[in-house]
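Chain and residue survey
This is what each chain is made of:
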Amino acid sequence: MADRLVVCGIGSGMDRSLAAVKEMGLELVIITDQPTERVTRVADQVLVADPGRHEAVRRAVGEAGLRDVDGVLSLGYDNPPVVARLARRFGCPGVDEETALDCHLKDRRLAVLERAGLPVPRNRAADDLSGALAALADIGLPAVVKPRDLSDSAGVAKLDAPDTAPERIREALRLSETGRIVIEEFLEGTEHTVAGLVAGDTFHVTGFADREYGRKEEFAPHFFEGGDTMPSALAPSAVDDVVDTVRAGVRALGLRDAVVNTDVLRTPDGRVHLLEITCRMTGARIATEIMPLGTGVDPLPNAVRLALGRSLVLDELVPGGGQAVVQRFLPAHGGTVDWVGDLAAVRTPPQVYDLFWGRELRVGATLPPYSGGADPLAGVIVTGTDAARAEAMAYEVLDRLPLGLSGAVRPVGSRFR
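Residues numbered from 1 in each chain as written. Predicted model: local features only at pLDDT ≥ 70, side-chain atom pairs only at ≥ 80, totals over all residues. Heavy atoms only, no water.

**A look at the overall build of the protein chain**
Our working definition: Helix and strand assignments follow DSSP, with helices taken as H or I runs no shorter than four residues and strands as E runs no shorter than two, numbered in order from the N terminus. Our radius of gyration looks at C-alpha atoms and nothing else; its globule reference is 2.2 Å times the residue count to the power 0.38. For every residue, the accessible area (1.4 Å probe, protein chains only) is compared with the maximum for its type, and the residue is labelled buried under 20%, exposed over 50%, or partly exposed between those bounds. The contact definition used throughout considers only heavy atoms, calling two residues in contact when any of these lie within 4.5 Å. Using a 1.4 Å probe, the Shrake-Rupley method yields the accessible areas, and only the shown protein chains count as cover for residues. Positive residues here are Lys and Arg, negative ones are Asp and Glu, while His and the chain termini are left out of the count. To locate a charge, take NZ of a lysine, CZ of an arginine, CG of an aspartate or CD of a glutamate.
When you go through the protein chain residue by residue, the secondary structure sums to 12 helices and 18 strands. Here the C-alpha radius of gyration of the protein chain, 21 Å, is about what a compact globule of 417 residues would show, namely 22 Å. Each principal axis of the C-alpha atoms in the protein chain carries an extent, and together these give about 60 × 55 × 45 Å. In the protein chain, buried positions account for 56% of the 417 residues. For the protein chain, the proportion of contacts with a sequence separation of at least 24, taken over those separated by at least 6, is 65%. Approximately 17900 Å² of the protein chain is accessible, and the part contributed by carbon and sulfur atoms is 48%. Of the side-chain charges in the protein chain, 46 are positive and 60 negative, and the distance between the mean point of each set is 2 Å.

Structure follows, in structure tokens:
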């Protein structure tokens, strides 16, 4: 009888990886609030529920009479506490709930890392406006406000002036489901994603990518992340410094037999700061497609093995056959859709791995102004022998999208028409 795996939550674009999971000979139960055609085609059973809310998941599982589950994981969806509770319910391997909460809640994660003496931005947590303003006075401007419990940069904003800070803090408090926020110092530098797997006490790196922040403050006060680049532009010694710091953070959080996703900032003077370490796969197709294209290492089969309590196949973690790869996003930033064409009809060179819409587009639909890292308007993945050329090709392709917008807000210096 096939092992039964529950996939609780699928990040943007990550439903493309479901077929590879199914090919491992598993019975696949998927919990999602967006049952796309890919999901329904691959799944043996679909439970429709918000995978980020434990009560909704618990209710759906109970109503379906689901039992005899062998493993639980998410595909790039930021819900470690829900996955931990579900694994405990079924007696499956997995990260315990307290560790999952330490990873998921920003204030708890920062506190754990600080107690371990690891480098993080100066920070203070707050539950109301007065507490947040006191924290801001302590940290100083510029700073960043973040809801403690949200992902995709929702509610994240730069605090750069006394008169605008209260409004941005109130919005972050409103969005936080627990009504708690974190104020962090604003740091300049390059940002990097380190992805990996922890088996026992050993952290295996499965990918290292540079985050593209060339247009970071174009939509101020919100931050725009334009994609990812491999290989890294950092020198090998700098990469080693970042990985060593991440490895120490993984140990501090007590992560064992887990998938790891991180966000790390390196200042111009070489100091490394841990912005995020959490126990889920890196989303936006980064861990499952971008990094495998760049390294030849596909972590997905081993991530499934960890969820099922099996041993890793270490030979699959040896890099080989990689290439330069970039993913670039076009932000959705206001306007009305006048017309939209078929992406499949767009002529692209063979180096273009994929060109995709980031959201459903219908004629007459009005796009909201950019307010964070939610689904982009479109994106492209390009491979090649040189990252700079791949990036140039990515922007050329995005400039030829079959899309007409009217009334769109065009930030100064935008490279897109």
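**Quick look at the pairing of strand S11 (residues 227–230)**
Quick note on the threshold: Should DSSP find at least two bridges between two strands, the strands are regarded as paired.
Burial of the side chains of S11 extends over both faces: Gly 227 and Thr 229 are buried on one face and Asp 228 and Met 230 on the other. Summarising the sheet, strand S10 (residues 202–211) and S11 pair through two bridges and their orientation is antiparallel. For Arg 211, the partnering residue across the bridge sits in S11 and is Asp 228. Where S11 meets strand S14 (residues 324–330), four bridges bridge the pair, whose relative direction is antiparallel. Bridging across to S14, Asp 228 finds its partner in Gln 327.

**Structural notes on the nonpolar core**
As a reminder of what qualifies: In this description, a nonpolar core means a group of buried Ala, Val, Leu, Ile, Met, Phe, Trp, Tyr and Cys residues linked to one another through side-chain atoms lying within 4.5 Å.
The biggest cluster of nonpolar side chains holds 31 residues, and the ones touching the most others in it are Val 242, Val 246, Val 250, Leu 255, Leu 274 and Ile 277. Looking at this core, the elements that each hand over two or more residues are helix H5 (97–104), helix H6 (106–115), strand S9 (190–199), S10, helix H9 (236–252), strand S12 (258–266) and strand S13 (272–278). When sequence neighbours within four positions are dropped, the list of residues in contact with Ile 277 reads Cys 103, Arg 109, Leu 113, Val 246, Gly 249, Val 250, Leu 253, Leu 255, Val 260, Asn 261 and Thr 262. By size, the runner-up hydrophobic cluster in this structure holds 27 residues, among which are Val 7, Val 21, Leu 75 and Ala 303.

**A short note on the pattern of salt bridges**
Stated precisely, the cut-off is as follows: What counts as a salt bridge is simple: a side-chain nitrogen of Lys or Arg found within 4 Å of a carboxyl oxygen of Asp or Glu.
The full count for this structure, using the stated rule, is 36 salt bridges. The partner of Lys 158 in a salt bridge is Glu 217, with the nearest N and O atoms 2.9 Å apart. Highlighted residues: Lys 158 in strand S7 (residues 157–159) and Glu 217 in the loop between S10 and S11, separated in sequence by 59 residues. The class of Glu 217 is partly exposed, set by a relative accessible area of 35%. Of the charged contacts in the structure, one is a salt bridge between Glu 218 and Arg 215, with a shortest N-O distance of 2.8 Å.

**Observations concerning the state of the cysteines**
The condition is simple: When two cysteine sulfur atoms lie within 2.5 Å, the pair is treated as a disulfide.
One pass over the full model with this rule turns up zero disulfides. With no disulfide of its own, Cys 92 has Cys 8 as its nearest cysteine by sulfur position, at a separation of 12 Å.

**Structural notes on empty space enclosed by the protein**
Put simply, the rule reads: With a 1 Å grid laid over protein atoms only, a set of points is called a cavity when a 1.4 Å probe fits there but cannot get out and a pocket when it is open yet has protein on both sides within 12 Å along at least five of seven lines; lining residues have an atom within 4 Å of a point. Grid points are joined across faces, edges and corners, and a volume is the space filled by probe spheres set on the points.
Tallied over the full model, the rule gives three cavities of 30 Å³ or more. Estimated volume of the largest cavity: approximately 280 Å³. Taken together, 22 residues line the largest cavity, and the ones lying closest to its centre are Val 72, Leu 73, Val 83, Val 259 and Cys 279. Listed by contribution, the elements that provide at least two residues to the lining of the largest cavity are strand S4 (71–75), helix H4 (80–90), S12 and helix H11 (300–308).

**Some points on the UniProt feature "domain: ATP-grasp" (unreviewed entry) in the protein chain**
Rules: UniProt positions are given in the numbering used here, feature names are shortened, and annotations may be inferred rather than shown by experiment.
As recorded in UniProt, the feature "domain: ATP-grasp" (unreviewed entry) lies at residues 110–308. Annotated as 32% helix and 29% strand, the span residues 110–308 places its first and last C-alpha atoms 30 Å apart.

**Let's talk about the side chain of Asn 123**
Here is the rule: Polar contact is the term for a pair of N or O atoms within 3.5 Å; when the atoms are in protein, one must be able to donate a hydrogen and the other to accept it, and sequence-neighboring residues count only if both atoms are side-chain atoms.
Counting through the fold element by element, Asn 123 comes out in strand S5 (residues 123–126). You can call Asn 123 buried: its relative accessible area is 18%. At 3.5 Å, the side chain of Asn 123 forms a polar contact with the side chain of Glu 114.

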